[in-house]
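Coordinate inspection notes
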Amino acid sequence: MSRHEIREQIFLIMFSLTFHSDENMRDLILRYLDETCELKVTDMERAEILRKTMDIADKVSELDKKIDAVSESWKLSRMGKAEAAILRIALYEMLYDEDVPTKVAINEAVDLAKEYGSDESPKFINGVLAKLVED
């Protein structure tokens, strides 16, 4: 599984978590991974997806504050759930994942927005992330 495919799985989980209470996040994530066995996820990839998703979910409040601070007229509460999940993942990678260069995090976020967001999403995602880089 490529890094892009791993990131995409993390996005799909983060997106789906917005529809559930976070009281048993770990079980929801594990169930998702179990139900997508056709992806042929290795144990190492599964562990990475679980670790990274849990870490992002644990930091959602912090990430959301940073995103809201730069997205003037479109606070997270007004954004689509896909765009919010994409921004959280990208910002997490920019701040906490030393293996992912900032430019790669932004490019991957824009790619996810093209695939899962609206027609305006890639430009919006790119603009918000560019402001976060400036800060």
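Heads up: these notes are all about the structure in this document. (Residues numbered from 1 in each chain as written. Predicted model: local features only at pLDDT ≥ 70, side-chain atom pairs only at ≥ 80, totals over all residues. Heavy atoms only, no water.)

Some points on the overall build of the protein
Where we set the bar: Here a helix means four or more residues in a row that DSSP labels H or I, a strand means two or more in a row labelled E, and each is numbered from the N terminus. Here the globule rule reads 2.2 Å times residues to the power 0.38, and the radius of gyration is calculated from C-alpha atoms. The criterion used for residue contact is that any of the two residues' heavy atoms lie within 4.5 Å. Only the protein chains shown count as cover for residues, with accessible areas throughout obtained via the Shrake-Rupley method and a probe of 1.4 Å. In this charge count, Lys and Arg are treated as positive and Asp and Glu as negative; neither His nor the chain ends contribute. Charge coordinates come from a single atom per side chain, which is NZ of Lys, CZ of Arg, CG of Asp or CD of Glu.
From N to C terminus, the protein includes seven helices and zero strands. Listing the helices and strands of the protein from first to last along the sequence gives α-α-α-α-α-α-α. Its C-alpha atoms give the protein a radius of gyration of 14 Å, within 12% of the compact-globule value 14 Å for 135 residues. Overall, the C-alpha framework of the protein stretches about 40 × 30 × 30 Å when taken along its three principal axes. Long-range contacts, defined as pairs at least 24 residues apart, comprise 69% of the intrachain contacts of the protein with a sequence gap of at least 6. Only carbon and sulfur atoms are counted for the fraction: they give 49% of the accessible area of the protein, which is about 7700 Å². Side-chain charges in the protein split into 19 positive and 29 negative, and the spacing between the mean points of these groups amounts to 3 Å.

Describing the packing of aromatic side chains
This is how it is decided: Stacked, edge-to-face and tilted labels apply to pairs of Phe, Tyr and Trp rings (six-membered ring for Trp) whose centres lie within 6.5 Å, assigned for plane angles under 30 degrees, over 60, and everything in between, in that order. Remark: exposure states derive from per-residue accessible area (1.4 Å probe, protein chains only) relative to the maximum for the residue type, with buried under 20%, exposed over 50%, and partly exposed in between. Two limits define a charge over a ring: the Lys NZ or Arg CZ must be within 6 Å of the ring centre, and within 35 degrees of the ring normal.
Summed over the entire model, instances satisfying the criterion amount to four aromatic pairs. Judged by centre distance (5.3 Å) and plane angle (75°), the rings of Phe-15 and Phe-19 are edge-to-face. With centroids separated by 5.6 Å and ring planes inclined at 35°, the aromatic side chains of Tyr-92 and Tyr-96 adopt a geometry described as tilted. Here Tyr-96 and Tyr-92 lie together in helix H5 (residues 81–96), a separation of four residues that amounts to about one turn. With a relative accessible area of 34%, Tyr-96 lands in the partly exposed category. Here the aromatic cluster, defined as three or more aromatic residues joined through ring pairs, consists of Phe-11, Phe-15, Phe-19 and Tyr-116. Cation over ring: Lys-59 sits above Tyr-96, and NZ or CZ is 4.9 Å from the ring centre. Directly above the aromatic system of Phe-19 lies the positively charged group of Lys-81, at a separation of 5.4 Å from the ring centroid.

A closer look at the packing of helix H4 (residues 60–70) against H5
We count it as follows: Axis angles are defined between N-to-C directions and span 0 to 180 degrees, where every axis is a line fitted to C-alpha atoms and, for a helix, only to the segment in contact. For this classification, under 35 degrees means roughly parallel, over 145 means roughly antiparallel, 65 to 115 means roughly perpendicular, and everything else is oblique. Ten residue types, Ala, Val, Leu, Ile, Met, Phe, Trp, Tyr, Cys and Pro, are classed as nonpolar, four, Asp, Glu, Lys and Arg, as charged, and the remainder, Gly among them, as polar.
One can describe the packing of H4 onto H5 by two numbers: an axis separation of 10 Å at closest approach and a directional angle of 100°. Considering the angle they form, H4 stands roughly perpendicular to H5. Contacts from Val-60, Glu-62, Leu-63, Asp-64, Lys-66 and Ile-67 in H4 reach Leu-87, Arg-88, Leu-91, Tyr-92, Leu-95 and Tyr-96 in H5. Classifying every residue of the contact of H4 with H5 gives eight nonpolar, no polar and four charged.

Let's talk about the packing of helix H1 (residues 3–17) against helix H3 (residues 43–58)
This is how the line gets drawn: By the definition used in this description, the sense in which the near helix is turned from the far one sets the handedness, with an anticlockwise turn below a right angle giving left-handed and a clockwise turn giving right-handed.
For the pair H1 and H3, the least separation of the axes is 10 Å and the interaxial angle reads 45°. It follows from the interaxial angle that H1 and H3 lie oblique. Crossing hand, H1 versus H3: right-handed. Residue-level contacts link Ile-6, Gln-9, Ile-10, Ile-13, Met-14 and Leu-17 of H1 to Glu-45, Glu-48, Ile-49, Lys-52, Thr-53, Ile-56 and Ala-57 of H3.

Some remarks on the side chain of Arg-88
In this fold, Arg-88 is placed in helix H5. Under the relative-accessibility criterion, Arg-88 is labelled buried at 12%. When neighbours within four sequence positions are excluded, Arg-88 is seen to be in contact with Thr-18, Ile-56, Val-60, Leu-63, Asp-64, Ile-67 and Leu-76.

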